[in-house]
Amino acid sequence: MKVLIATEKPFSPIAVEGIKKIVEEAGLEFALLEKYESKAQLLQEVADATALIVRSDKIDAEVLAAAKELRIVVRAGAGYDNIDLAAATEKGICVMNTPGQNANAVAELVFAMLLFAVRNRFNGKAGTELGGKTLGLDAFGNVGRNVARIAKGFGMPVVAYDAYCPAEVFEANGVKQVESPEALFREADVVSLHIPSTPETRGSIGRALVGSMRKGGILVNTARQDVINEPELLEVLQERTDLRYLTDIALSCDAEARELLGDRYFATPKKMGAQTAEANVNAGLAAARQIVGFLRDGITKFQVN
Ligand code: 3PG
């Protein structure tokens with residue numbers, strides 16, 4: 001039985017070695033497809049795979065149809081909006097994620113981007129500090145909780161909105177719960193997005209919310225690009241010249257945004273929130289162990305379909 005890592009954006013070598021060891025020690029065959037440049041390569045490699053480990057790689061109905069032997073796909077990471085769950089379910093393929101495994105890496109990137117911005121990209125001019133500024137977290141899952149933990153070290157009061165999180169979790173983390181996204185955007189100096197991409201969240205961050213931010217507000221997105229209503233965001237950022245947008249997932253109108261907004265817009269060249277050796281090891285090894293557990297013992301913990 002072949003376990004295939006198919007990652008357009010590769011794991012660190014140490015993570016690949018660790019995955020290989022777990023797979024081979026379980027008596028399974030290990031295969032690696034990294035930095036592939038065409039879907040045709042992916043379609044060819046998945047043909048005889050029993051299990052698949054992916055990152056943000058698009059696993060659509062065509063890929064699943066080509067994977068005749070496939071029994072399980074593990075998304076090494078949190079968000080599984082890149083996988084066609086309905087098509088997988090129809091084919092009886094189990095889909096899992098590895099929640100929490102890369103959360104600290106993403107949380108650290110939030111602060112890397114924030115410091116870069118408030119210190120004027122280290123250009124020598126006087127900047128501002130994060131201490132004392134209120135941080136608003138839109139969703140309080142694994143990443144949001146790590147961001148809150150780090151924010152305390154900076155002396156930032158933290159407020160959070162999450163319709164699915166029990167009140168005691170906010171309390172236990174020393175975070176003030178707010179009742180709506182509207183209240184969150186109004187109350188915070190910095191808003192950090194940690195919502196998944198779902199039919200409810202897609203395009204939900206637009207004029208109304210961003211336009212209600214405090215003077216000098218900063219919006220940080222390490223979640224997903226499609227939660228943003230891009231035309232509205234671009235408009236509101238042109239009207240409110242005090243606001244900034246920092247993102248790990250460039251706007252589709254990236255060049256235009258750079259031109260129009262200058263230093264008030266920053267996007268990483270490639271999504272890199274989870275791109276650390278530690279996160280790759282955590283998520284990659286968890287994915288390998290989940291596959292072995294599923295194929296050997298039928299364990300379906302972390303199944304999402
Ligand atoms: C996730 O959902 O876990 C993050 O967005 C990381 O995505 P990546 O594996 O493509 O870096």
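See the structure printed just above.
Reading the values: the criteria
Residues numbered from 1 in each chain as written. Predicted model: local features only at pLDDT ≥ 70, side-chain atom pairs only at ≥ 80, totals over all residues. Heavy atoms only, no water. Axes fitted to C-alpha atoms, helices over the stretch in contact; angles between N-to-C directions. Helix = DSSP H or I, 4+ residues; strand = E, 2+ residues; numbered from the N terminus. Parallel < 35°, antiparallel > 145°, perpendicular 65-115°, else oblique. Contact = heavy atoms within 4.5 Å. Nonpolar A, V, L, I, M, F, W, Y, C, P; charged D, E, K, R; others polar. Near = heavy atom within 4 Å. Polar contact = N/O pair within 3.5 Å; in protein donor to acceptor, adjacent residues only side chain to side chain. Areas by Shrake-Rupley, 256 points an atom, 1.4 Å probe, with all protein chains shown as cover. Phe/Tyr/Trp six-rings, centres within 6.5 Å; stacked < 30°, edge-to-face > 60°. Buried < 20%, exposed > 50% of the residue type's maximum accessible area, 1.4 Å probe, protein only. Left-handed = near helix turned anticlockwise from the far one by under 90°. Core = buried A, V, L, I, M, F, W, Y, C linked by side-chain atoms within 4.5 Å. Expected span 1.5 Å × (residues − 1).

Turning our attention to the packing of helix α10 (residues 230-239) against helix α11 (residues 254-261). The interhelical angle for the contact between α10 and α11, taken along N-to-C directions, is 10°, at an axis separation of 11 Å. When the axes of α10 and α11 are compared, the pair comes out roughly parallel. Here α10 contributes L234, L237 and Q238 to the contact with α11, which in turn contributes E256, A257, L260 and L261. Looking at the contact of α10 with α11, its residues break down into five nonpolar, one polar and one charged.

Turning to the site of the ligand, a few remarks are in order. Neighbouring the ligand are the residues K9, R55, S56, R75, G77, A78, G79, N102, R224, K271 and A274. Note that an oxygen atom of the ligand is positioned 2.8 Å from one of the side-chain N or O atoms of K9. Contact distances for the ligand include 2.4 Å between an oxygen atom and a side-chain N or O atom of S56. In the complex, the protein chains occlude 94% of the 320 Å² of accessible area that the ligand would expose alone. For the shell around the ligand, the class distribution of residues is two nonpolar, four polar and five charged.

Inspection of every chain in the model, using the stated rule, returns five aromatic pairs. Here F111 and F154 contribute two aromatic rings whose centre-to-centre distance is 5.1 Å and whose plane-to-plane angle is 5°, an arrangement assigned as stacked. With F111 in helix α5 (residues 103-118) and F154 in the loop between α6 (142-153) and β7 (158-161), the pair connects residues that are 43 residues apart, well separated along the chain. Look at F154 and you get partly exposed, because its relative accessible area is 30%. Taken together through their ring pairs, the aromatic side chains of F116, F122 and F266 make up a single cluster.

Where helix α1 (residues 13-25) meets helix α12 (residues 277-297), the closest approach of the two axes is 9 Å, and the angle between their N-to-C directions is 15°. It follows from the interaxial angle that α1 and α12 lie roughly parallel. With respect to the hand of their crossing, α1 and α12 are arranged in right-handed fashion. Packed against α1, whose contacting residues are I14, A15, G18, I19, I22 and V23, the element α12 presents N280, V281, G284, L285, A288, R289 and V292 at the interface. In the contact of α1 with α12, the residues fall into nine nonpolar, three polar and one charged.

So, on to the environment of D254. For D254, the location among the structural elements is in helix α11. For the pair D254 and G153, spaced 101 residues apart in sequence, the C-alpha to C-alpha distance is 32 Å. Among residues more than four places away in sequence, those in contact with D254 are Y265 and A267.

This next bit is on the nonpolar core. One broad rule of soluble globular proteins: the nonpolar side chains tend to lie buried together. Ranked by size, the top nonpolar core spans 32 residues in total, and within it F111, L114, L135 and F140 carry the most contacts. Those elements giving two or more residues to this core turn out to be α5, β6 (135-138), α6, β7, α7 (167-172) and β10 (218-221). When residues in this core are grouped by element, the largest group, 10 residues, is from α5. The next biggest cluster of nonpolar side chains, apart from the first, holds 31 residues, and it includes F185, V210, M213 and V236.

Once that is clear, we can look at α5. Between the first and last C-alpha of α5 there are 23 Å, a value that for 16 residues agrees with the 22 Å anticipated at 1.5 Å per step. The complete set of buried residues in α5 reads A103, A105, V106, A107, L109, V110, F111, M113, L114, A117 and V118. N120 occupies a position one or two residues after α5 and carries a positive phi of about 55°.

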